[in-house]
Amino acid sequence: MQTGHVGLNVTDLTRSIAFYREVIGLELTGEGTEADRRFAFLSLDGKLLVTLWQQSKERFDTGTAGLHHLSFQVDSLDEVRAAETRLRELGAEFAYDGVVPHGEGAGSGGIFFTDPDGIRLEIYAPAGLEGTPAPVAAAPTCGFF
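Remember, predicted model here, so these are calculated numbers, not experimental data.

### A closer look at the UniProt feature "domain: VOC" (unreviewed entry) in the chain
Here, UniProt's "domain: VOC" (unreviewed entry) annotation points to residues 2–126. Here residues 2–126 is 21% helix and 38% strand, with 19 Å between the C-alpha atoms at its ends.

The following block contains the structure:
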């Protein structure tokens, strides 16, 4: 068994489609445009990864049970850094400054940020940060502490 796609509630479907296409590189492969049934299917290399549902009136609330964060793995730190550049140009909010390891002594790591609705996201590479200090030594970086 493996995870299929992840569905996210958003407040502005058009804005969120643009964000996920620009930052993650997903392609729009299906869309519902009826006023009361707006949704989008976003895929990569023909595989559905994220569905967006315009069903929320407020930003993501980290104090409510449910999604903690959504993570995307890329092959290299260069890809992580390219995403960081795009996100900075878009004015995204970051949990930490720059590319950081997943924890003290870890080689994997990435960037931790929020989408336009405050949903916590991560783009990471499985190696390349060996010897880099973690921003929070006593906790996993993906905890968004």
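### Re helix 1 (residues 13–24)
For helix 1, built from 12 residues, the straight-helix expectation of 16 Å at 1.5 Å per residue is met to within 8% by its first-to-last C-alpha distance of 16 Å. For helix 1, the complete set of buried residues consists of Leu13, Ser16, Ile17, Phe19, Tyr20, Val23 and Ile24. One side of helix 1 carries all its buried residues, which in axial view fall inside an arc of 165 degrees. Taking the backbone nitrogen of Thr14 as reference, a side-chain oxygen 3.2 Å away marks Asp12 as the first, capping residue of helix 1.

### Let's talk about the pattern of salt bridges
Throughout the structure, instances matching the rule amount to five salt bridges. Where Asp117 meets Arg15, a salt bridge forms, and the shortest distance between an N and an O atom there is 3.0 Å. In this pair, Asp117 is assigned in the loop between strand 7 (109–114) and strand 8 (120–125) and Arg15 in helix 1, connecting sequence segments 102 residues apart. Given the relative accessible area of 34%, Arg15 is considered partly exposed. The residue Asp97 makes a salt bridge to Arg88 at a minimum N-O spacing of 3.5 Å. Looking at Asp97, the relative accessible area reads 70%, which means it is exposed.

Thresholds, definitions, all that
Residues numbered from 1 in each chain as written. Predicted model: local features only at pLDDT ≥ 70, side-chain atom pairs only at ≥ 80, totals over all residues. Heavy atoms only, no water. UniProt positions renumbered as here; feature names shortened; annotations may be inferred. Helix = DSSP H or I, 4+ residues; strand = E, 2+ residues; numbered from the N terminus. Expected span 1.5 Å × (residues − 1). Buried < 20%, exposed > 50% of the residue type's maximum accessible area, 1.4 Å probe, protein only. Arc of directions from axis to C-beta. Polar contact = N/O pair within 3.5 Å; in protein donor to acceptor, adjacent residues only side chain to side chain. Salt bridge = Lys/Arg side-chain N within 4 Å of Asp/Glu carboxyl O.

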